[in-house]
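Spelled out from the first residue to the last, the chains are:
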Amino acid sequence: MTRRLTLALPSKGRLREPAWALLEASGVDPQEPGERVLQSHCRNADIDLLFVRADDVPEYVQDGIVDCGITGLDLVAERQSDVEVLLRLGFGKCSLQAAVAFEDDATGLDDLRGRRIATSHPAITGAALAERGIDAEIVRVGGAVEISPRLGLADAIVDLVSTGSTLRTNGLRAIGTLFDSEAVLVGRTGSDDLAGRKLLTTVLGSVTNARANRYLLCNVAKDRLAEVTAILPTRGSPTVMDLATPGVVAVHALVPAADIWSLLPELEARGASSILTLPVERMMP
Ligand code: AMP
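All chains use their own residue numbering, which begins from 1 and follows the written sequence. In keeping with the predicted nature of the model, local features appear solely for residues at pLDDT of at least 70, side-chain atom pairs appear and are counted solely at 80 or more, and the whole-chain, interface and lining totals rest on all residues. Excluding hydrogens and water, the side-chain values take into account all heavy atoms of the structure.

A. Here's a closer look at the site of the ligand. Around the ligand, the surrounding shell consists of K12, G13, R14, L15, G72, D74, L75, G92, K93, C94, L160 and S162. Side-chain atoms alone can form a polar contact between residues adjacent in sequence; in general such a contact is a pair of N or O atoms within 3.5 Å, and within protein one must be able to donate a hydrogen while the other accepts it. R14 has a polar backbone atom sitting 2.8 Å from an oxygen atom of the ligand. Take D74: an N or O atom from its side chain is 2.6 Å from an oxygen atom of the ligand. Method for areas: the Shrake-Rupley scheme with a 1.4 Å probe, in which residue coverage is limited to the protein chains shown. Taken by itself the ligand offers 490 Å² of open surface, and the protein chains cover 77% of this. Think of it this way: one heavy atom of a residue within 4 Å of a molecule or strand is enough to make that residue near it.

B. Region of interest: helix α4 (residues 122-131). The classification of residues rests on relative accessible area computed with a 1.4 Å probe and restricted to protein chains. Under 20% of the type maximum is buried, over 50% is exposed, and intermediate values are partly exposed. Under the scheme used here, helices are H or I runs from DSSP no shorter than 4 residues and strands are E runs no shorter than 2 residues, and both carry numbers assigned from the N terminus. Among all positions in α4, only P122, I124, T125, A128 and L129 are buried. Angular distribution of buried residues about the axis of α4 spans 165°; they occupy a single face of the element. For α4, the exposed residues lying more than 90 degrees away from the buried face are A130 and E131. Note on definitions: a residue-residue contact is assigned when non-hydrogen atoms from the two residues lie within 4.5 Å. Taken together, the buried residues of α4 touch α3 (73-78), β6 (94-101), β7 (116-119), β8 (137-140), β9 (156-161) and β10 (172-181). Arc definition: it is the arc formed by the directions from the helix axis to the C-beta atoms.

C. Structural context of the sheet that holds β6. DSSP-based pairing: two strands are paired if at least 2 bridges between them are found. The 5 strands are arranged β8-β7-β9-β6-β10 in an open sheet whose pairing can be described as mixed. Only two strands of the sheet have a single partner each, and these edge strands are β8 and β10. Recorded for the sheet is a direction-independent mean angle of 30° between the axes of neighbouring strands. For β7 and β9, the ladder comprises 3 bridges, and the chain directions are parallel. Its bridge partner being in β9, I117 is matched across the sheet by A156. Lines fitted to the C-alpha atoms define the axes, with helices restricted to the stretch that makes contact. Angles between their N-to-C directions range from 0 to 180 degrees.

D. Geometry of the side chain of D159. Mapped onto the elements of the fold, D159 is located in strand β9. Neither His nor the chain ends is counted toward charge; the positive residues are Lys and Arg and the negative residues Asp and Glu. Criterion for a salt bridge: a side-chain nitrogen of Lys or Arg within 4 Å of a carboxyl oxygen of Asp or Glu. Although D159 is buried, it makes no salt bridge; R14 carries the closest opposite charge, 8.6 Å away. Dropping the residues within four chain positions of it, D159 is found in contact with S95, L96, Q97, S120, V145 and E146.

E. Layout of the environment of I275. Looking at the element boundaries, I275 is found in strand β15 (residues 273-279). For I275, a relative accessible area of 25% puts it in the partly exposed group. As for I275 and L216, which are separated by 59 residues in sequence, their C-alpha atoms are 7.3 Å apart. When neighbours within four sequence positions are excluded, I275 is seen to be in contact with L216, L217, C218, L264, L267 and E268.

F. The pairing of β7, seen in detail. Judged from the 4 bridges that link them, β7 and β8 form a sheet pairing that is parallel. What sits directly across from R116, in β8, is E137. Orient the strands so they point away from the viewer; a crossover is then right-handed if the path from the first strand over the helix to the second runs clockwise. As for the winding sense of the linkage, the β-α-β connection from β7 through α4 to β8 is right-handed.

G. Structural context of a nonpolar patch on the surface. Together, I147, L151 and L153 give the surface a local cluster of nonpolar side chains, amounting to about 250 Å² of exposed area. With respect to the helices and strands, the residue L153 is situated in the loop between α5 (148-151) and β9. Overall, L153 belongs to the partly exposed group, its relative accessible area being 31%. Residues enter a patch when their relative accessible area is above 30% and they make no salt bridge; the linking distance is 9 Å between like charges and 5 Å between nonpolar side chains (Val, Leu, Ile, Met, Phe, Trp, Tyr).

H. Representation of unusual backbone geometry in the model. Of note in the backbone geometry, R36 takes a positive phi value of approximately 60° without being a glycine. Examined against the element boundaries, R36 turns out to sit in the loop between α1 (16-26) and β2 (39-41). You will see that A144, though not glycine, has its phi angle at about 45°, which is positive. Assignment of secondary structure puts A144 in the loop between β8 and α5. Residue classification places A144 among the partly exposed residues on the basis of a relative accessible area of 45%.

Read these as spatial facts, not as claims about activity.
Listed below in structure tokens is the structure:
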């Protein structure tokens, strides 16, 4: 009998919903856990699920309580956990930034020299500052980091930022990035031969890859085809097909989702018409 793979998922917080949505999109058919139930399973794959706090996932994986887990890269780094990052998942993106009060003179990380910095990420902060030869006093706080300067607890903070609105609301200004984070799939170090782990990584990867791309279709006159294909930001070759109307072809290509907004007017300017973009469900290189 094959051993079932165990996967830890965030039980609450901002990574919970997107982690669950990714698993659903992957087709493994995860069974929704009941209220306050910590375990569940997948109907379509030999995977058991364990719901724990995102902060605890790195340790559960490191200690072999589970085979794999989904958590934030910042949490893996902060815990200094001995786990392998198997896949970046493209959600939960944020960065650990240093910030000071609006009226402070500091303009960059170098200006933190000799100052007191409040953070709930002391390990990453200490390592990132040491790497830059910056000596500062780090004050560990559990939460509400952004009010520390106002309380007189610190001169600066290092905290996770995605839009920057929390910093602004608290009268703070970012002066530098120490670490970039996103949700990751992690596995126990040295367990790469584990049944199902490679498959899970491949299946989740096919979804995260697909999400970052769009399938583009457009029609173009044959004599302008070269102009259109020249600006397509596609890896590999686009598909070109004759249409029933003579002298016109259909062009199909996979393009990065982030490029679509700037690409559409460029295509129109080169005579492309009937332009469609479609989401992609799965994509394997
Ligand atoms: P939780 O505290 O359970 O809501 O999850 C926090 C995790 O979500 C962090 O460790 C990051 O990996 C991720 N995250 C993404 N954006 C942010 C943000 N703006 N603030 C805090 N955490 C974020």
